[in-house]
Structures are given as C-alpha cells and as structure tokens.
Amino acid sequence: MRWLFLASACVCILAVAVICAFLFVNGMPFFTKYSVIEFLTGTTWAPLRNVFGILPMIVGSFYVTMGALLIGAPIGILTAILMARFANSTVVKVMKPAVALLAGIPSIVYGFFGLMLLVPLIRVNFGGTGKSVLVASILLSIMILPTIIQTSEAALGAVPNSYYEGSLALGATHESSVFRTILPAARPGIVSGVVLALGRAIGETTAIIMVAGNNARMPVDLLKGVRTLTVNVLMEMGYAADLHAQSLIATGVVLFVIIMAINFLFSFLNRRRVMQ
Amino acid sequence: MKLRSMLALLLVFTMAFGLSALAAEFDQSQTIAVVSREEGSGTRGAFIELTGIATKDAAGAEIDNTYAEADFVNGTSLVMTTVSFNEYAVGYASLSSVEGNGTIKALKVNGVAATTENILNGTYAIARPFNIVTVDAMQDPSALDFLAFIMSKEGQAVVADNKLVTVTTDAAPGYVASNLSGSVTVGGSTSVAPVMEKLKEAYEALNPGVKVDIQSTGSTAGVINALNGTYQIGMASRSLKDSELASGAKGIVLAMDGICVIVHPANPLEDITLEQVRQVFIGEITTWADLNI
C-alpha cells in the first residue's frame, strides 16, 4: 500500500516539475533575444512592433490583487471568527453551505455578474466607463472570500479550547479572549489561507477580462481600466506568432516566479512564528 | 426587530443604487465610453485602416492610434453586450452580427445607413471583405468539398440570406453532394463565424458524413493557424497582409461586410461623419456634447 501512496505523491511532484520545466525551457529563449531588464521595466506593450514591456501589467496585477486582499481578507477573517466563535448553530448551518456554494461558482459566471451588475453600479455612482481597478478588486475579493473563510475557520477550530477557557478564567471578556488568545494562535493557518487567496487572485483571468477594461498602459486611476499579466496572455495567445508567443510564455515565467517568491516569503514568516 | 429594520435599510439602499441607474435623461456631458477590440481582431484591423485611425510612421510601418483608455474586449458579441449595457458607450461590429439585434443601434456614417445595398453601391464608407484563407498544401478532400460548397450557387445563397454582399457573379457553379465523410476544422474571425455556422448547417444537411468544427479565435489567429495547418480553412474579416501572402496564405473573398458604428438605443445620436468616428476612437472627442456641435 505504501507504494501506492508514494506513486500518488510522485505524480503530483511530477506534474509540478513538468509545468516548471515547460515554462522555463520555452520561456528562456525569449530572454536571449530580448533584454530581461527591458522586459520587466518597459512601460510600452506593443507586440506587433516588437516592443515588449510588461511593467504596466505587473503593476496592474499588483493593484488588483492588493485591492482584493484589502477588501476580502478582513471580511473573510471576521466572517470566519463569527462562524467559529460568535454565531449560534442555526446561523452557522446557513452560512457554511452558502460559503461552499460561493466557492463552487465558475469564474465566467463571476465575470458576467461583474459585467452586468457591478460595472453599471460603479459607472452610475462614480463616473467613467465603469470598467476599472475598483470593480476588478471588488469582484476578486468576492471570489477569494470562500478560500479565506474556509481556511481561517479550520485554523480557528484547531486552536485548543483551553486557550479560550484559560483567558476567561483570568477575567477577560468573550471578545477579548477570542481576539487576544485564539486569533493569534490561529495566525499561521489564517496566513496560509490568505496566501492561497492571493495565489487565486493573481491567477484569475476569465472574470477579470470582462470587467477590467484591459488597457495596456500603466494604471492611472482607481476608476480607470487596467490589464493584468494573466489577461494579457489570454487576449493575445490566440494570434501570437514567434517572438510574440515566446514573450507570452515569458510572462508566464514571471507569474510563476512571483507566486514562488510569495510562497517562500510567507513560509519564512510562518517559520519564525512557530519557533517563537 | 433590530435585524428586520437593518434588512429594510439595506433594501432601501440597494433600491436607491439600482434606481439611480434607471435615469431617463441622456446626459450629453458624459464622457464617451469607447469600446474597441483586441489587437489581433480583423474587424479592428479593417476599421482602423478605413477610418484613418491607423497612420504610417517614417519607416512606413503602421501605427494604431486607438484611444489608450478604450475598453478592449475580445469578440464581436462582447462588443455588442458592452454597448447594450452602457448608454454612453460606442463601439464597432460587423453588420452581419448587428443587423436584427435590437439591443444596439447602428449609426449612419456621412449620412449613409449601413445596409447591404449601400455596401454594394459603394456609398457606405466602412466596408471590408470576409476572406476564406487556405494554403496550397491543404488537400483534405472534405475541406476542399466544403470550400466548393461555399463558393457554389447554394452556398452564396446562404451568404446572401445573412445580410452579406456576395461577390461571385451568377456564374457560380451548382453544388452536387459528394457524400464524403471526415472532419473539417474552420477557425478565425468572430465576425465571419455566424455566417460560417449557417454554411456549416446547410452543408452538413447535404453531407451527413462530414463534421465541420468552427472555432472563433480572431482573424489573425485564423490566418496563422491556416498557415501552420491547425485549421484546414481560416476565416479573416479583413484583407490579408503582405507578410501573410508571402508566407503562402491564399484568400478567397467570401463576401463584403460593413462595420457598423454602434451605440445604445437610448442615445439620441443618429448620424456621424467619418472624421468624427476617427476623432472619437483616437480620443480627441471625449464627451457626447462635443459630437453634436
């Protein structure tokens, strides 16, 4: 039986290794023909003229992801605290399937929802075309909520109840006990949930392509359009040829490196906490 | 009770937000929301050439001056959906897709309405060819038979039914069903895809053994994939570029199609000059009030 488990694990690692290898083998030739610095810091993206600068897209992805986390992480974590420690069982019985349903909705449906509801709402109330960093951030925050809520709730549930009871015994209030003893104890789990959500937010394409305006220039305003790295690849992969196609694979490499960097950073931060 | 009053308050807020979107008056001071297509789109390629949005630099290379703040969507139907949801939007799409669609309105260009008659007699300014793209190396019998059907009298009748201007003369040969079997992959322009679907239906009715698969990926993708053999037949909603012809692409003109400048039905504008179209789509004219002067 042990060999079966080993084989399954090997398939998993093999998949990651193959994707990694494909990306780097096909993306590296591009960097021999085009300077890495110019690629990463160039502000003009004009592939049909052989000008490949993806800084606008990197900044666009960064803004949209940070916006989504700023909105979604507090709401998600507080919802998880509610479901784990404050709500009565009937509320939890309604919320759990609702959150699970939210997790199951396909991205394209989120995209339609954003296009038909959020975009006109922002357009009427804030002006502009409606397709903006703001709408993309709001939509993404809704999409990452289930991830954050489910992992945070699991993390909070895993904290031994003795922490809470000890705090109460020392005279603290219910709220104080939850926020001062349980929440810090659950921090590694919550942080890993946020990292997972960040990974999903950075990689989201089908929903963003419908609501973000897709302008290939540096983001100028919260209410103006933006193009992310993933949308750039999706929009152009269909017709890209030679160097252009290689530049899009190189964009994939950049995305991969960003995700790996974020994962390493957070695992490093987590390790310090555990050691303390 | 507290929960109920909170829910009521939430409902009132939502209603206020929603009702504000139902504003009846068309506000001329609003910015024009320009909608454009992705770079590989044949419709965009043809549109920027025909309206003067594309200029040539000193070396003779084409520069696309499309407004940087435009909303870029990737597909004919997405353009129409975006415009139908925004009273202050303007976009462009193929006449064959726009005709009969009640959610958007096509403007007259230089006083000429976008109709097949006006494309045939040359008075409508923004007209471009639908091209079927093949390579000499493609000798698949089912694909060649499908091509024969498209260029036959029966095929051209289907094209004419779809509000497109046919280019073949009455000397188009009649088609005889060949009863082959196989599969054909046709791919490319999202503008050409609707009429290709109708041709596929008519063809498969005569030849049940052949299965035609149509993919909408954009004109440039259609040409590239026809050249590399992924598609047996490519579709492009623009003329072929010199570089594409040099690589061996052969284009057969299927029909002439118009590109309509579309706006929301609530927009009072009916007519626009070609020069104004250029100015709107490069971002020189930014509000609806500026257009009506």
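Quick caveat, the model's predicted, so the values are computed rather than measured.

(A) Main features of the overall build of chain B. Across its full length, chain B carries twelve helices and 14 strands. Considered along the principal axes of its C-alpha atoms, chain B spans approximately 70 × 60 × 35 Å. By residue count, 46% of the 293 residues in chain B fall in the buried class. Considering only intrachain contacts with a sequence separation of at least 6, the fraction spanning at least 24 residues in chain B is 75%.

(B) Layout of the overall build of chain A. Across its full length, chain A carries twelve helices and two strands. Helices and strands in chain A line up, N terminus first, as α-α-β-β-α-α-α-α-α-α-α-α-α-α. Dimensions along the principal axes, computed over C-alpha positions, put chain A at roughly 70 × 60 × 35 Å. For chain A, with 276 residues in total, the buried portion stands at 39%.

(C) Spotlight on the pairing of strand β8 (residues 127-134) of chain B. Residue and element names in this part refer to chain B. The buried fraction of β8 is high, at eight of eight residues. Note: β8 against strand β13 (residues 250-263), eight bridges, orientation antiparallel. The residue of β13 that forms the bridge with P129 is M256. For β8 and strand β12 (residues 233-236), the ladder comprises three bridges, and the chain directions are antiparallel. Paired with I132 across the two strands is M235, which belongs to β12.

(D) Looking closely at the interface of chain B and chain A. Contact residues are listed per partner, giving 20 residues for chain B and 22 residues for chain A. Listing elements by their share of the side of chain B that touches chain A, those giving two or more residues are α1 (2-20), β4 (71-73) and α9 (219-228) of chain B. Residue contributions to the side of chain B that touches chain A peak at three residues, all from α9(B). Residues of the side of chain B that touches chain A, tallied by class, amount to nine nonpolar, seven polar and four charged.

(E) Fine view of the nonpolar core. Residues and elements named next belong to chain B. Core analysis: the biggest nonpolar cluster contains 82 residues, and V35, C260 and I262 have the highest contact counts within it. Take this core: its biggest share by element is seven residues, from β13. Every residue in contact with I262, bar those within four places of it in the chain, is listed here: M80, V83, G91, Y92, A93, V98, I104, K105 and A106.

(F) The arrangement of the packing of helix α7 (residues 161-169) of chain A against helix α8 (residues 174-185) of chain A in detail. Residue and element names in this part refer to chain A. Here α7 crosses α8 at 150 degrees, and the two axes come no closer than 9 Å. What the angle tells us is that α7 and α8 run roughly antiparallel. Every pair of crossing elements has a handedness; the one defined by α7 and α8 is right-handed. Counting all contacts with α7, which are made through Y163, Y164, S167 and L168, the residues of α8 involved are S177, R180, T181, I182 and A185. Within the contact of α7 with α8, the residues separate by chemical class into five nonpolar, three polar and one charged.

(G) Spatial organisation of the packing of helix α6 (residues 133-157) of chain A against helix α9 (residues 187-203) of chain A. Residue and element names in this part refer to chain A. Between α6 and α9, the least distance of the axes is 8 Å, while the angle of their chain directions is 155 degrees. Considering their axes alone, α6 and α9 lie roughly antiparallel with respect to each other. Here α6 runs over α9; the crossing is right-handed. Counting all contacts with α6, which are made through L140, M143, I144, T147, I148, T151, S152, A154 and A155, the residues of α9 involved are G189, I190, S192, G193, V194, L196, A197, R200 and A201. Class assignment of the residues belonging to the contact of α6 with α9 gives a composition of eleven nonpolar, six polar and one charged.

(H) Main features of helix α3 (residues 76-84) of chain B. All names here are of chain B. With respect to burial, α3 is a largely interior element, seven of its nine residues being buried. Within the sequence span of α3, burial applies to T76, L78, V79, M80, T81, T82 and V83. Where α3 is buried, its residues touch β1 (33-37), α2 (42-51), β4, β5 (89-94), α4 (95-98) and β13.

(I) Here's a closer look at the environment of T115(B). With respect to the helices, strands and loops of the structure, T115(B) is situated in the loop between β7 (108-109) and α5 (116-120). Each C-alpha atom of the pair T115(B) and V167(B) lies 16 Å from the other, and the pair is 52 residues apart in sequence.

(J) Seen up close, the environment of K96(A). Residues and elements named next belong to chain A. Position of K96 among the secondary structure elements: in helix α4 (residues 89-104). Accessibility expressed as a C-beta count within 10 Å gives 14 for K96, which makes it partly exposed. In this structure, the C-alpha to C-alpha distance between K96 and P146, residues 50 residues apart in sequence, is 9.8 Å.

(K) Representation of the pairing of strand β10 (residues 182-188) of chain B in the model. Residue and element names in this part refer to chain B. Across seven bridges, the pairing between β10 and strand β11 (residues 210-216) is parallel. Residue pairing across strands places S183 opposite K211, the latter belonging to β11. Running through helix α8 (residues 193-206), the crossover from β10 to the neighbouring parallel element β11 is right-handed. Alignment of β10 against β12, held across three bridges, turns out to be parallel. Bridging across to β12, V186 finds its partner in I233.

(L) Structural context of α8(A). Residue and element names in this part refer to chain A. For α8, with twelve residues, the first-to-last C-alpha span of 16 Å sits near the 16 Å given by 1.5 Å per residue. Those residues of α8 not exposed but buried are S177, V178, T181, I182 and L183. Looking at the packing, one finds that the buried side of α8 touches α3 (55-86), α6 and α7.

(M) Layout of the environment of W288(B). Residues and elements named next belong to chain B. Looking at the element boundaries, W288 is found in helix α12 (residues 288-291). Among the residues examined, W288 registers 23 C-beta atoms within 10 Å and is labelled buried. Sequence-distant contacts of W288, that is, excluding residues within four places in its chain, are made with Q28, Q30, I32 and Y88.

What counts as what
- Residues numbered from 1 in each chain as written.
- Chains lettered and ligands numbered in written order.
- Predicted model: local features only at pLDDT ≥ 70, side-chain atom pairs only at ≥ 80, totals over all residues.
- Helix = DSSP H or I, 4+ residues; strand = E, 2+ residues; numbered from the N terminus.
- Buried ≥ 20, exposed ≤ 12 C-beta atoms within 10 Å, placed from the backbone.
- Contact = placed C-beta atoms within 7 Å.
- Pairing = 2+ DSSP bridges.
- Nonpolar A, V, L, I, M, F, W, Y, C, P; charged D, E, K, R; others polar.
- Core = buried A, V, L, I, M, F, W, Y, C linked by C-beta atoms within 7 Å.
- Axes fitted to C-alpha atoms, helices over the stretch in contact; angles between N-to-C directions.
- Parallel < 35°, antiparallel > 145°, perpendicular 65-115°, else oblique.
- Left-handed = near helix turned anticlockwise from the far one by under 90°.
- Right-handed = clockwise from strand over helix to strand, strands pointing away.
- Expected span 1.5 Å × (residues − 1).

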